[in-house]
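Letter by letter, the chains look like this.
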Amino acid sequence: PLCMAATAYRYLVNLPGVRGGNTIVEGTRIGVHDVVGLLQNGETVDSICSAHCFPDLTKAQVYECLAYYEDHKGEIDVLVARQMAPDEQA
């Protein structure tokens, strides 16, 4: 049986020239790695969707970022680490 390696994500896109071509939430400039980084730093799905973080995101979009992360951990871990690096050196 043939397996489809690519998984379609309803809310996520890659746009050349936007956020370095990394996977983002469609209609925003919010990267999957932005959402995952916040979750790894103690935010919750509810707090990410609040005015505190990204009020335009829905819970479904946040959960889809998590699903994408589960499928692409290596890629996202590198992006999160790069994003967090400047803060650690300060």
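Residues numbered from 1 in each chain as written. Predicted model: local features only at pLDDT ≥ 70, side-chain atom pairs only at ≥ 80, totals over all residues. Heavy atoms only, no water.

Caption draft 1: Up close: the overall build of the protein chain. Helix and strand counts for the protein chain come out as 4 helices and 2 strands. N-terminal to C-terminal, the α/β element order of the protein chain is β-β-α-α-α-α. Per-residue burial over the protein chain gives 34% buried out of 90 residues. Taking all contacts inside the protein chain whose residues are at least 6 apart in sequence as the whole, residues at least 24 apart take part in 43%. (Helix = DSSP H or I, 4+ residues; strand = E, 2+ residues; numbered from the N terminus. Buried < 20%, exposed > 50% of the residue type's maximum accessible area, 1.4 Å probe, protein only. Contact = heavy atoms within 4.5 Å.)

Caption draft 2: Here's a closer look at the packing of helix H1 (residues 32-40) against helix H3 (residues 59-71). Relative orientation of the contacting elements H1 and H3 amounts to 95°, with a least axis distance of 9 Å. The orientation of H1 with respect to H3, classified from their angle, is roughly perpendicular. For the pair H1 and H3, the contacting residues are Val-32, Val-35, Val-36, Leu-39 and Gln-40 in the first and Val-62, Cys-65, Leu-66, Tyr-68 and Tyr-69 in the second. (Axes fitted to C-alpha atoms, helices over the stretch in contact; angles between N-to-C directions. Parallel < 35°, antiparallel > 145°, perpendicular 65-115°, else oblique.)

Caption draft 3: Structural context of H1. Every buried residue of H1 is listed here: Val-32, His-33, Asp-34, Val-35, Val-36 and Gly-37. Taken from the residues just after H1, Gly-42 is the one with a positive phi, measuring 100°.

Caption draft 4: Here's a closer look at H3. Given a rise of 1.5 Å per residue, 13 residues ought to cover 18 Å, and the 19 Å separating the end C-alpha atoms of H3 matches this to within 8%. Along H3, the residues that are buried comprise Gln-61, Val-62, Glu-64, Cys-65, Tyr-68 and Tyr-69. Down the axis of H3, the smallest arc covering the buried residues is 160°, so these residues share one side. (Expected span 1.5 Å × (residues − 1). Arc of directions from axis to C-beta.)

Caption draft 5: Expanded view of unusual backbone geometry. A positive phi is found at Arg-19, a non-glycine position, where the angle reads about 55°. Turning to its location among the elements, Arg-19 is positioned in the loop between strand S1 (12-14) and strand S2 (23-25).

Caption draft 6: The nonpolar core, seen in detail. Leu-12, Val-32, Val-35, Leu-57, Val-62 and Ile-76 are the most contacted members of the largest nonpolar core, which has 18 residues in total. Counting residues per element, the ones that place at least two in this core are H1, helix H2 (45-48), H3 and helix H4 (73-89). Residues contacting Val-35, with those up to four places away along its chain left out, are Ile-30, Ile-48, Leu-57, Val-62 and Cys-65. (Core = buried A, V, L, I, M, F, W, Y, C linked by side-chain atoms within 4.5 Å.)

Caption draft 7: Seen up close, the confidence of the model for the protein chain. Per-residue confidence for the protein chain gives a mean pLDDT of 88; residues scoring 70 or more make up 87%. Low pLDDT, under 50, characterises residues 1-6; the predicted model gives this stretch 0 contacts beyond four residues in sequence or across chains. (pLDDT = per-residue confidence, 0-100.)

Caption draft 8: Inspection of the pattern of salt bridges at higher detail. Under the definition given, this model contains 3 salt bridges. Close ionic contact of Lys-59 with Asp-46 constitutes a salt bridge, the shortest N to O distance being 2.8 Å. Of this pair, Lys-59 sits in helix H3 while Asp-46 sits in helix H2, and the two are 13 residues apart along the sequence. We classify Lys-59 as partly exposed; its relative accessible area is 43%. Between Glu-70 and Lys-73 there is a salt bridge; the shortest N-O distance is 3.9 Å. (Salt bridge = Lys/Arg side-chain N within 4 Å of Asp/Glu carboxyl O.)

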